[in-house]
Amino acid sequence: MNYSACTSILIGPQATMDGSVIIGRNEDAKAAWPKHFVVHPAQTATTPQTFTSTDNGFTMPLPDHAAKYTATPEWTAKFGLFEEDGFNEYGVAMSATESTYSNERVLGADPLVKDGIGEEAMVTVVLPYIHTAREGVARLGQLIEHYGTCESNGILFADQTEAWYLETGAGHYWVAQRIPANGYAVVANQMAIQAIDFNDADNFMFARHLQEFVATNHLNPHSHGFIWRDIFGTQDQSDLYYNTPRVWYGQKTLTPSVNAEPQSFDLPFIQYADRLLAVDDAQAYLSSHYEETPFDPVGNGSVAEKHRFRPISLAKTQESHVLQLRPNMDPALAGIQWLAMGVAAQSVYVPFYAGITSTPAAYHLGKEIYDADSAYWVYKLISVLTDAHYHEAWPTVSAVQKDLRIAFKQSVQQTDQVGQRLHGSELNDYLTQQGATNAALGIQRYRDLAATLITQATDLGPLNYHQDLNL
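Remember, it's a predicted structure, so these values are computed and weren't measured experimentally.

Participant: Residue-level account of the environment of alanine 71, with values.
Facilitator: You can see alanine 71 is positioned in strand β8 (residues 69-71). Under the relative-accessibility criterion, alanine 71 is labelled buried at 0%. Sequence-distant contacts of alanine 71, defined by excluding residues within four places in its chain, comprise His36, Phe37, Val38, His40, Glu83 and Asp85.

The structure is reproduced here in C-alpha cells:
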C-alpha cells in the first residue's frame, strides 16, 4: 500500500468568522479502499500496555490511561491501523499524516528508520494521551527522536486556541510551527515550513540538536538563516506537477489579491486570507479540483491542461475531514468532525460532535468489495455513477449536496442550542443521537440519489439509438 498523497489546510482562530480553529485533510490511497469511523472508549489498564504495528513491527510502551477518542481506521489492519484523524475527550484534534519527501543529502546523514514510527501509528499512540495541541507536538516529537520514523510526514494538531503543523524530515529530526492566529496554511506532499526562529518557543518546536545535525553534515544551502524546507525538502519536477499547484490553488482561492504561479517554489507556508473564513471554505478547498481554471479535469481546458496537475480532490480519496474547534464551549460540544466518506468533491461532509460515544453501524462496515450497507460505499457509489456521465449527472448531485449542507448547518445550530443546556453523560448521549440522525439523513439522500442517477443513465449508453419519429 502507498499512502503518500494527501492535501491539508490549517486555519487560526482570528482568521475565521466565529473564532474557530480549523484543521482538515484529504486522505488519499486507492480508488477502492474503505475507511471506517469509530469511537474508542477511555481505558485504564491494570497491566503494562504496548503498541505493535502490523505494518512494520514498530513497538512501544503506552501509558496506563487512554482518553476516549474518535478515529477513522482502515477496513483492514493488515497494513496497519491508519486511524488518521479524530478528537479526544479533552477537545484536542489530530490529523496524521501527510507524506512528504526528504532531501537525499539529509537521508544520507540520518536515514529513515525501517522499524520506526510511521503514519499508521501516530494517532493511536499520541491522541489518547494528550491534553493540548502543543502537548501533542511535544509527545510525537519525543517519539520521533527516540524511535526514529520510517517515512517523512506532516501532522496537524489543534485545540480551541491554536493549530500546529509538525514535519518530520529524516529518521530522528522534526520541526513544528504554530499557525498564526490570523493566518492559514495549505499543504501538499512536500516540506512546507520555512524559516525557523530557534529563540521563539511560542511559535516553534523542534528536535534537540537539530542545528548541530545540519551544521555537522553541511546541509544548509544558505549562508544565513535556517529555512527548513530548503534543507530537508525537495524541489524537483514531481513537485511542480504533483504538489505546488495544489498549494497555489488554495492560496489563489483564499487570497486572490496575491498573484502567483501554480509551479512556483516560492509559495509561502503561512498566508493570510482576504476575508474571514468559515468551515465551508476548508471543505470547499478540500473538495476542489481547480474549478474556473484550465486545469479542472472536468472543465473546458484542453486535454493537456486538464491532466497537467494532480487535483486536490480525486478518485483515490478515501475520506476527507474538517476538524472544527469552536471557542468558549464544553469540549464535547466545541469540536465537530465534519466527515466526507469517499471523494469529497462528490460526497458531503456530515457533522459528528467530539462528545459522541459511538458511531452508526454503517460507518463500521465496508471492505474492498462493494457493500451497499457501508457508509463509505454509499458515498463512493455516487462517484462511480457521476463519473460515468459527469456533465449529465453533476447538476443532480450538486443539488443534493446543497440541500444536505443546509440541513447539516441547521442541525448544528439546533444541537448547539440544546447541547448548551446539557452536561455529562446526558450531553454525550444527545450528541451521539444527533450524529446518528445526521448520518442517516446523508446516507438516505445518497441512496435516493443513486437510484435517480441509475435511472437517468439507462438512456445514456453507447448502444442507445434515437429514432426520428418523422420517419
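Participant: Now, about the packing of helix α11 (residues 375-388) against helix α12 (residues 390-419): what can you tell me, with residues and values included?
Facilitator: At a minimum axis distance of 6 Å, the contact between α11 and α12 shows a crossing angle of 135°. Comparing the axis directions of α11 and α12 gives the class oblique. From α11, Ile382, Thr386, Asp387 and Ala388 reach across to α12, where they touch Tyr390, Ala393, Trp394 and Val397. Split into classes, the residues belonging to the contact of α11 with α12 amount to six nonpolar, one polar and one charged.

Participant: Go over the pairing of strand β5 (residues 49-52), please, and point to the residues and values.
Facilitator: One ladder, built from four bridges, connects β5 with strand β6 (residues 59-62); its direction is antiparallel. The residue of β6 that forms the bridge with threonine 50 is proline 61. Hairpin connection between β5 and β6: a loop of six residues separates the two successive antiparallel strands, and glycine 57 in this loop has a positive phi of roughly 80°.

Participant: Account for the sheet that holds strand β2 (residues 21-28), naming residues and giving values.
Facilitator: What the six strands build is an open sheet, ordered β14-β1-β2-β16-β17-β18; its pairing is antiparallel. Unpaired on one side and paired on the other, β14 (184-187) and β18 (350-353) mark the two borders of the sheet. Neighbour-to-neighbour, the strand axes of this sheet turn through a mean angle of 15°, independent of strand direction. Of the pairings in the sheet, the one linking strand β16 (residues 317-325) to strand β17 (residues 335-341) comprises seven bridges and is antiparallel in character. The residue of β17 that forms the bridge with histidine 321 is leucine 339. Its contacts with the sheet put helix α7 (residues 244-254) on β1 (5-11) and β14, and the angle it makes with β14 is roughly 150°.

Participant: Could you give me a rundown of the nonpolar core, with the residues and numbers involved?
Facilitator: Core analysis: the largest hydrophobic core is formed by 68 residues, its most contacted members being Phe157 and Phe232. Grouped together as the second largest cluster of nonpolar side chains are 65 residues, Met341, Phe352, Ile356 and Leu449 included.

Participant: Please provide a residue-by-residue account of α11, values included.
Facilitator: In this model α11 runs 21 Å from its N-terminal to its C-terminal C-alpha over 14 residues, within 8% of the 20 Å that 1.5 Å per residue would give. Within α11, 10 of the 14 residues are buried, which leaves it mostly tucked inside the rest of the structure. Turning to α11, its buried residues number three or more, namely Ala375, Tyr376, Trp377, Val378, Tyr379, Lys380, Ile382, Ser383, Leu385 and Thr386. Of the surrounding elements, those touching the buried residues of α11 are β16, β17, β18, α12 and α13 (424-457).

Criteria and thresholds
- Residues numbered from 1 in each chain as written.
- Predicted model: local features only at pLDDT ≥ 70, side-chain atom pairs only at ≥ 80, totals over all residues.
- Heavy atoms only, no water.
- Helix = DSSP H or I, 4+ residues; strand = E, 2+ residues; numbered from the N terminus.
- Buried < 20%, exposed > 50% of the residue type's maximum accessible area, 1.4 Å probe, protein only.
- Contact = heavy atoms within 4.5 Å.
- Axes fitted to C-alpha atoms, helices over the stretch in contact; angles between N-to-C directions.
- Parallel < 35°, antiparallel > 145°, perpendicular 65-115°, else oblique.
- Nonpolar A, V, L, I, M, F, W, Y, C, P; charged D, E, K, R; others polar.
- Pairing = 2+ DSSP bridges.
- Core = buried A, V, L, I, M, F, W, Y, C linked by side-chain atoms within 4.5 Å.
- Expected span 1.5 Å × (residues − 1).

Honestly, that's just the spatial picture; any functional story needs more than this.
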